[in-house]
Amino acid sequence: MTHSKRFALLAERDINKETFVEAWPDAGLIVADGPNDPQPSLTLESPPHTRVIEMDGKPRAQFDALDTFIADHFLDLSVAEEAMAMPSLHIARMLVDINVPAREVRRLALGCTPAKLCEIVRHMSVLEMMMGLAKMRVRKTPANQAHVTNRRENPALLAADAAEAALRGFAEIETTVGIARMAPLNALCVLIGSQTGRGGVLTQCAIEESMGLRLAMKGLTSYAETLSVYGTERSFVDGDDTPWSKAFLASAYASRGVKIRFTSGTGSEALMGSSEGKSMLYLEARCLCVARGAGSQGVQNGSISCIALPESLPGGVRAVLAENLIAAMLGLEVASGNDALASHSAIRKSAKLMLQFIPGTDFIFSGYSAVPRRDNMFGGGNFDAEDFDDYNVLQRDMQIDGGLRPVREVEALAVRREAARAVQAVYAELGFPEICDEEVEAAVVAHGSDDMPPRDIVADLAAADRFLEGTQDVRDVIAALRRRGFVRIAANLAEMLRQRTLGDYLQPAAIFVSNHEAREAHEGVKEIEVAVGTNGELAHPPTPDSPLPIPSFRVLSALTDPNDYAGPGTGYRVQGARWQEIIALPQARSPRDFIADRVGAPLQNLHEIGPARPGRFNEVIVCVGPAFGTALTKTINGLDHEDVLKAIFTGVAKEGMVARLIKAYHTSDCAQLGFTASSYSGSGIGIGLQSRGTAVIHKRGMPRLHNLELFSFSPSLTLETFEQIGRNAAKYAKGEVVKPVPVTVDNWARLRLIVKTALLHRRETEEVCDKPPQELFFDWEPDV
C-alpha cells in the first residue's frame, strides 16, 4: 500500500496524541442534547402555586434528591410559569440583545428548569454564547486564580511562588498537598507568600472538606471551592453527600467569614459511572441549580479535571462554554476552568482558552499553574509558569484584561526573597523545623522543586500535626512576623483577618483591590517597584517597633462592581492605568533602538561625482537607495555597505565586466531602484539595492515590477550571495544562459525582523528628495 509522507507527518502531530471517540449516550458519553435528556416542563400545584408537582417530565412522586432540592430551593416560583412558557429561542436572543439588561435575563433564568436552561443554550453558537457570557458575568472586572504547589512541598518555595503569583496580579491563589497532613503548613506558606506579593489576595488549600474547614477556622485560608456537587443522586451518594449537606457545609464556611463556591463540571458523572444515560450538559445544569439553591455565591465549572472527557467528544469545548454561560445566567460567580491539562496541542488549548478569555469571566482560570507543570499537584496545568510571557502578550495583543500584569525580574526576585525570609522567620518563631539560608536563597531564584535542597519531610509532618491540633493560629503568625520586622506582611494578614469579620467579601465574585488606586491598578505594585534597592531587596523595611499600618482593601463584587455591559462603549474596558500596565512588557523596546546599530559614519570611499549618465555596453549599473552609505551603513543582517558593494563589484569583475554605481534620491522602492539601474545601464542590465539589503536584477524594457531575479529575503543574503548576484548580472549582460542565485528562504525572519524592516525602510524613505540620480565613485581594490 502506498503511504503519504504528509499523512505520516500529520500522524506525529501533537493533536493526534489525543483521544477522539464517537458519542455513546447510554454511557453518558455525549456532551449535550442527548436522546435520553428530558424535555423542559413544569407544573405547579393548584393555587397558591407554591409547590412543584412535575418538572422536566417527571412527577413529584418520582423525584430524586436533586429534583426535590431544585424544585424546593432553586426555582423562583414567582416567575417560573412565565419563564417556562416563553420560547427558549426568545430567551437565547435576549442573551445577545444589548437592549435587554442582564437582570431581566437572570430573572427569567431563575425560573427555568435544568432542561429549559439546556434548551436555551442549544440555540446559540459559540460566538453568541461568548456574547452572552460578556453580558451575564456578575462582576464587571475580570480576574484570575493561580495554582501554587510543589512536589517537595518545600515551604520557602511555596511562599516565594505565591509571592510572585500575587505580584503578577492573581486575585486568588489555591494550593493543595501531596501528603494530606502537610495541609496546615502549605496553607500557611501560601498565605504568607501571597500577602508579601500583594495585599488582599485570597487563598485556599484544596483538601478534604472537614480539614479545609479547620484550616479556615485557624485563619489560614480565606476561601474554599472544593465543595463538589454532582448531577445524579448516585454520584452524590458515592461522594457521601447530599445537596442539603453541601448547603450546610457552605453555611459553616460562610458563618466563619470564608468565601465559598461549589465545584462541578461536565463529565464527572460519566467518569463515576452514574450518568443515568443523560448528557453532560444536562447533568451540569442540575449541578448549577443545586449550587444556586444551596446559597453558594459561585461555582468552579468548565469541566475542571474531567476536561479531557468532553474534549474527546464532538462539541465538547462548546459544551464547556455553555456550562459557564448557564452559571452566569443564574447569577453565580464563575471560575471557568482552563486549569487541568486539556490538550497536547498548543493550538487546541489556546483556542479553548479564547472562549473565556475574550468575553471575560470572574476568574478566567480556575487555576493558572503559576509553577512548572511538573510541580503542579493538581494534575498538571493547561498553562503554566513557562507561559507567563505568552499570556501577557495575548492581553496586549487584544487589549483584554486577563487578570495578569507583566513584572520585571528585579521585582520578582525581591518579593520572592522577602516571602522566603518571612516564612523562615515564622517557622523559627513558632518552633517549626528550620528553614536554612541556603533554602531561602535557592527559593529566590528557583524555577521548581528540582532547584531546591531536600528537607526532612518527617519533621515537617510532625510540625504540621502539632500546628493543626494546637492552639496556634494566624494571630500567632501575625505576631511572629511583626517581631521579626515583617511589618507590612503582618499588616496585610491582619487586614485579611479583619475583613473576615466584616463579611463583605462573601458576596458573589468578590475580590480585593487597593482602595487608594484606580480599579485597574493592583495594590502593592507601586510600593514594590519603588522599594527595590540596588541590592535586589526591598529597601527601607519598617522596624518591629513601627506602628502596624492599616492596608486599605476594597471589595469588588457583583454588588460593588456589577457588570453593566449593554453593548459597545459599556461594561469593562481596558484603559487608563490598567492598559498602561498591560502594555509595559519588560521585553518591549523603543523602536529607535532597533536600527541604532545600522547607523554609522558615512563611507569615506564613496563620493558623489555628478548627475548619472547613460553608460557603455560592457557594464552593469548598481543603483543604491538614498540612505545607502550615509544615513544607513549596514544591511538588516549587519553587513557593512562597503563590504556589500565590494562583493557585487567583485562578482561583476570576475565575469570580465565593469560595474558602475549610482544613487537614486527620488525613490526608496526596490523595484524602482532596479528599474532606474537598468535604464542607465549601457547593457540594459542593472541591480537595485536598498540600504537594508534587499536587491533585484532588472532588464531594460521589462515592466518596473517584473525582474530577472528578486532577492527579497535580505536577512538571508551573505557576502557570497551578493558576489553571485554581481556575477549573474554580468552574465545577463553578456547574453549568457544564467542559473538563478539560490537563496535561503527563512519564513521566521519576517516574524523576527519586521519592525526593523519597517524602521530601516522608513529611515531610507526620509532621504527621498527631488534630486536626479547621482553618479558615485567607489574607491575599492578588486580581488579577481
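Just so it is clear, the structure is predicted and the values come from calculations on it, not from any experiment.

A.B. asks: What's the story with the nonpolar core in this structure? I'm lost.
C.D. replies: In terms of nonpolar packing, the biggest core is built from 82 residues, with Val-52, Tyr-253, Leu-325 and Leu-330 touching the most fellow members. Leaving out residues up to four positions away in the same chain, Val-52 has contacts with Leu-42, Thr-43, Leu-44, Arg-60, Phe-63, Ala-71, Leu-75 and Leu-77. Membership of the second largest hydrophobic core comes to 76 residues, among which are Val-148, Leu-167, Ile-192 and Ala-412.

A.B. asks: Looking at this model, I keep getting lost on the side chain of Asp-37. Mind explaining?
C.D. replies: For Asp-37, the position within the fold is in the loop between α1 (5–11) and β1 (42–44). Among buried charged residues, Asp-37 stands out as having no salt bridge; its nearest opposite-charge side chain is Arg-122, 5.9 Å away. A polar side-chain atom of Asp-37 sits 3.0 Å from the main-chain amide nitrogen of Gly-34. Here the side chain of Asp-37 touches Ser-279 through a polar contact of 2.6 Å, side chain to side chain. Each residue touching Asp-37, except ones within four places of it in the same chain, is listed here: Ala-32, Lys-278, Ser-279 and Tyr-282.

A.B. asks: Any chance you could explain the environment of Val-768 here in plain terms?
C.D. replies: Note that Val-768 resides in the loop between α29 (749–765) and β20 (774–778). For Val-768 and Ala-664, which are 104 residues apart along the polypeptide, the C-alpha to C-alpha distance reads 8.4 Å.

A.B. asks: What am I meant to see in a nonpolar patch on the surface here?
C.D. replies: A contiguous nonpolar surface patch, about 340 Å² in accessible area, is contributed by Phe-7, Leu-9 and Leu-10. In this fold, Phe-7 is placed in helix α1. Residue classification places Phe-7 among the exposed residues on the basis of a relative accessible area of 61%.

A.B. asks: Can you walk me through the pattern of salt bridges in this structure?
C.D. replies: Between side chains of opposite charge, a pair can form as their charged atoms come close. Summed over the entire model, instances satisfying the criterion amount to 56 salt bridges. Residue Lys-771 pairs with Glu-608 through a salt bridge whose shortest N-O separation is 3.3 Å. Pair noted here: Lys-771 is in the loop between α29 and β20 and Glu-608 is in strand β14 (residues 606–611), with a separation of 163 residues, a long-range link. Exposure remark for Glu-608: the relative accessible area of 37% places this residue in the partly exposed category. Because the salt bridges share partners, they merge into one network encompassing Asp-401, Arg-405, Arg-408, Glu-411, Arg-578 and Glu-581.

A.B. asks: Before we go on, may I ask you to explain the packing of helix α14 (residues 280–293) against helix α16 (residues 316–329) in this structure?
C.D. replies: In a packed pair of helices, the relevant descriptors are the angle between the two axes and the axis-to-axis distance. Two elements in contact, α14 and α16, have axes separated by 10 Å at closest approach and are oriented at 20°. In terms of their interaxial angle, α14 and α16 are classed as roughly parallel. Crossing of α14 against α16: the hand is right-handed. On α16, the residues that touch Leu-281, Glu-284 and Leu-288 of α14 are Ala-319, Ala-322, Glu-323, Ile-326 and Ala-327. Residue composition of the contact of α14 with α16, by class: 6 nonpolar, no polar and 2 charged.

A.B. asks: Sorry if this is basic, but what is going on with the sheet that holds β1 here?
C.D. replies: Sheet strands pair by backbone hydrogen bonding; their relative direction is either parallel or antiparallel. The 3 strands are arranged β1-β2-β3 in an open sheet whose pairing can be described as antiparallel. The open sheet terminates on both sides in strands that have one partner only, identified here as β1 and β3 (58–59). Where strand β2 (residues 52–55) meets β3, 2 bridges bridge the pair, whose relative direction is antiparallel. Across the sheet, the residue bridging to Glu-54 is Pro-59, located in β3.

A.B. asks: What should I look at first to understand the packing of helix α6 (residues 114–122) against α14 in this one?
C.D. replies: Contact geometry of α6 with α14 gives a least axis separation of 8 Å together with a crossing angle of 125°. Regarding the angle of α6 to α14, the classification is oblique. Regarding α6 and α14, the two cross each other, and that crossing is right-handed. Residues Pro-114, Ala-115, Leu-117, Cys-118 and Val-121 of α6 pack against Leu-281, Tyr-282, Ala-285, Arg-286 and Cys-289 of α14. Broken down by class, the residue content of the contact of α6 with α14 amounts to 9 nonpolar, no polar and 1 charged.

A.B. asks: It is not clear to me how unusual backbone geometry should be interpreted in this structure. Could you clarify?
C.D. replies: Across the chain, the bulk of peptide bonds are trans and the bulk of non-glycine residues have phi less than zero. Omega for the bond connecting Pro-47 with Pro-48 falls within 30 degrees of zero, at 20°, which places this linkage in the cis form. Even without a glycine there, the phi angle at Ser-303 is positive, about 75°. Considering the arrangement of structural elements, one finds Ser-303 in the loop between β9 (298–300) and α15 (308–311). A positive phi is found at Ile-304, a non-glycine position, where the angle reads about 50°. Using a relative accessible area of 10% as the deciding quantity, one classes Ile-304 as buried.

A.B. asks: For this particular structure, what's the right way to read the pairing of strand β5 (residues 172–175)?
C.D. replies: The side chains of a regular strand alternate between both faces of the sheet. Because side chains alternate across β5, one face comprises the buried residues Glu-172 and Glu-174, and the other comprises Ile-173 and Thr-175, equally buried. Where strand β4 (residues 145–147) meets β5, 3 bridges bridge the pair, whose relative direction is parallel. Directly across from Gln-145, in β5, lies its bridge partner Glu-172. As for the winding sense of the linkage, the β-α-β connection from β4 through helix α8 (residues 155–167) to β5 is right-handed. In the sheet, β5 pairs with strand β6 (residues 202–205) via 4 bridges, with the strands oriented parallel. Residue pairing in the sheet places Glu-172 in a bridge with Leu-202 of β6. A crossover connection joins β5 to the parallel β6 through helix α9 (residues 183–197); in handedness this β-α-β unit is right-handed.

A.B. asks: Which parts of the structure should I look at to understand the confidence of the model for the chain?
C.D. replies: Low pLDDT marks stretches whose predicted atomic positions should not be read closely. Here the chain shows a mean pLDDT of 93. Residues at 70 or above account for 96%. A low-confidence stretch, residues 516–530 (pLDDT under 50), is modelled with 36 contacts involving residues beyond four sequence positions or located in other chains.

A.B. asks: Would you take a moment to explain α8 for this structure?
C.D. replies: A turn of α-helix holds 3.6 residues, and therefore any two residues three or four places apart point the same way. The first and last C-alpha atoms of α8 sit 18 Å apart over 13 residues, in line with the 18 Å expected at 1.5 Å per residue. The element α8 is extensively covered by neighbouring structure, given that 13 of its 13 residues are classed as buried. Two or three places before Ala-156, at the start of α8, stands the capping residue Asn-154, its side-chain oxygen 3.0 Å from that residue's backbone nitrogen. Two residues or fewer after α8 comes Gly-169, characterised by a positive phi angle close to 110°.

A.B. asks: Any chance you could explain the sheet that holds strand β11 (residues 368–369) here in plain terms?
C.D. replies: A sheet is described by the order of its strands in space; here 4 strands give the open sequence β6-β5-β4-β11, paired in parallel fashion. In the strand order of this sheet, the two ends are held by β6 and β11, each with one partner.

A.B. asks: Honestly, the packing of aromatic side chains in this entry has me stumped. Any pointers?
C.D. replies: Remark: the centre distance and the inter-plane angle together describe each pair of aromatic rings, the angle taken between the planes. Inspection of the entire model under this criterion finds 18 aromatic pairs. Taking 5.6 Å as the distance between ring centres and 45° as the angle between the ring planes, the aromatic pair formed by Phe-512 and Phe-553 counts as tilted. Of this pair, Phe-512 sits in strand β12 (residues 511–514) while Phe-553 sits in strand β13 (residues 553–556); the two residues are 41 residues apart in sequence, bridging distant segments of the chain. Given the relative accessible area of 9%, Phe-553 is considered buried. The structure contains a cluster of three or more aromatic residues connected by ring pairs, namely Phe-170, Phe-357, Phe-365, Tyr-368, Phe-383, Phe-388 and Tyr-391. Sitting over the ring of Phe-363, Arg-139 keeps its end group 5.2 Å from the ring centre. The positively charged end of Lys-218 is found above the aromatic ring belonging to Phe-467, 5.3 Å away from the centroid.

Rules used in this analysis
- Residues numbered from 1 in each chain as written.
- Predicted model: local features only at pLDDT ≥ 70, side-chain atom pairs only at ≥ 80, totals over all residues.
- Heavy atoms only, no water.
- Core = buried A, V, L, I, M, F, W, Y, C linked by side-chain atoms within 4.5 Å.
- Buried < 20%, exposed > 50% of the residue type's maximum accessible area, 1.4 Å probe, protein only.
- Contact = heavy atoms within 4.5 Å.
- Helix = DSSP H or I, 4+ residues; strand = E, 2+ residues; numbered from the N terminus.
- Lys, Arg positive; Asp, Glu negative; His and termini not counted.
- Salt bridge = Lys/Arg side-chain N within 4 Å of Asp/Glu carboxyl O.
- Polar contact = N/O pair within 3.5 Å; in protein donor to acceptor, adjacent residues only side chain to side chain.
- Patch = residues over 30% accessible without salt bridge, like charges linked within 9 Å, V, L, I, M, F, W, Y side chains within 5 Å.
- Areas by Shrake-Rupley, 256 points an atom, 1.4 Å probe, with all protein chains shown as cover.
- Axes fitted to C-alpha atoms, helices over the stretch in contact; angles between N-to-C directions.
- Parallel < 35°, antiparallel > 145°, perpendicular 65-115°, else oblique.
- Left-handed = near helix turned anticlockwise from the far one by under 90°.
- Nonpolar A, V, L, I, M, F, W, Y, C, P; charged D, E, K, R; others polar.
- Pairing = 2+ DSSP bridges.
- Right-handed = clockwise from strand over helix to strand, strands pointing away.
- pLDDT = per-residue confidence, 0-100.
- Expected span 1.5 Å × (residues − 1).
- Phe/Tyr/Trp six-rings, centres within 6.5 Å; stacked < 30°, edge-to-face > 60°.
- Lys NZ or Arg CZ within 6 Å of the ring centre and 35° of its normal.

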